[in-house]
Amino acid sequence: MIPLMSDLSDNFLLPPHLWTPKPVDERYIDIDLEYQGIVINLAYFGLEGADPVEDMYYIAERIDPTLPVKVTGFFDEMHWELGKGYRELGELLTILGTDILPFDCWEKLTIRLPDVDLPYDAVQAPALPLKELTTLRHLVWSGHPMQMLNSWFPLSPPLLQRLHTLDIKCNIAWEDCVYIFRNIHQLRSLKLHSIQRASVTSPVIPHDLTLSLAITLHFLTRLSLESCEDIFPLLRNVRFPSLRHLELVLLCTSSGSNINELDNINWENLESLGLYGDFDNSNTTKITSQCGYSTKVETHFVGPTITFWEQ
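1. With respect to unusual backbone geometry
Consideration 1: You will see that Gln-36, though not glycine, has its phi angle at about 50 degrees, which is positive.
Consideration 2: By secondary structure assignment, the location of Gln-36 is in the loop between strand S1 (28-34) and strand S2 (37-43).
Consideration 3: Residue classification places Gln-36 among the buried residues on the basis of a relative accessible area of 12%.
Consideration 4: The phi dihedral of Ser-194 falls on the positive side, at around 60 degrees, and the residue is not glycine.

Right under this line is the structure:
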């Protein structure tokens, strides 16, 4: 994507975070093509006067709707006014699925939102018809936790129950993790980044669930969890009978001792195990000794002040 010369004169020699913001009515929407997919990017640079709907029609002609389709929506708070940008992205996704590339051919959806609580008006906001996303199997979602609920794309039980892979990047509370665990009936792969206790991040999805109720994730084969908290109490009552790949990035001083409490994991059945964080070497040695001969084990011990993921 080539920047306009008017932008280059003011911003070209500066890093992006120091660019002079353009007026809201001059912001751009960039529509790009990827293999069997379309990318909607509420961008800073773009072609002046371009019609994003026309661009979506043009790109859709190069996508085979009889094959699985990937759809990606990006919204960066630096580029747009929050309420307008959030609504604009939802409207474009709705137009795309309603008029251009039918919702029932979407197999993978990636949504990247700012990590701030976005203004949301349920009356005026577009509403993606989640019931029409019948073939959606892969979801990558990042943003502020409130948008898991206050959104034109809420993470509802029917949506979660259809997924095969789920990757969530936000400060997610324990209770919301339990909500997800209870609704991923067909999930094969789960990644949760930055799990927090309720004292740090309040739960945003209303539900009447407790951590003491047992959960069995029958189909889950790949699990990746990242947190600066001791999350082992969250996992004690979750069963993973099909788990083959486990990655734990845990930057909490108590993780080293509590990892031995995970007796609900059949370590011998793992094909790969990754332990990254503030673990006690003697305890991790005990765990890795329970793995099978063919298990690929990778460990990396770092201090609790390391930043372990970026949106």
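2. Things to note about the sheet that holds S1
Consideration 1: Spatially, S1-S2-S3-S4-S5-S6-S7-S9-S11-S12-S13 is the arrangement adopted by the eleven strands of the open sheet, whose pairing is mixed. Two strands close off the open sheet at either side, each with one partner strand: S1 and strand S13 (296-301). For this sheet, the mean angle separating the axes of adjacent strands, direction not counted, is 10 degrees.
Consideration 2: Where helix H5 (residues 174-181) meets the sheet, its contacts fall on strand S6 (165-173) and strand S7 (189-196), and the angle it forms with S6 comes to roughly 160 degrees.

3. Let's talk about the confidence of the model for the chain
Consideration 1: This prediction gives the chain a mean pLDDT of 82; 79% of its residues lie at or above 70.
Consideration 2: Considering only residues more than four positions removed or in separate chains, one finds that residues 304-311, a stretch of pLDDT under 50, has 22 contacts.

Reading the values: rules and limits
Residues numbered from 1 in each chain as written. Predicted model: local features only at pLDDT ≥ 70, side-chain atom pairs only at ≥ 80, totals over all residues. Heavy atoms only, no water. Helix = DSSP H or I, 4+ residues; strand = E, 2+ residues; numbered from the N terminus. Buried < 20%, exposed > 50% of the residue type's maximum accessible area, 1.4 Å probe, protein only. Pairing = 2+ DSSP bridges. Axes fitted to C-alpha atoms, helices over the stretch in contact; angles between N-to-C directions. Contact = heavy atoms within 4.5 Å. pLDDT = per-residue confidence, 0-100.

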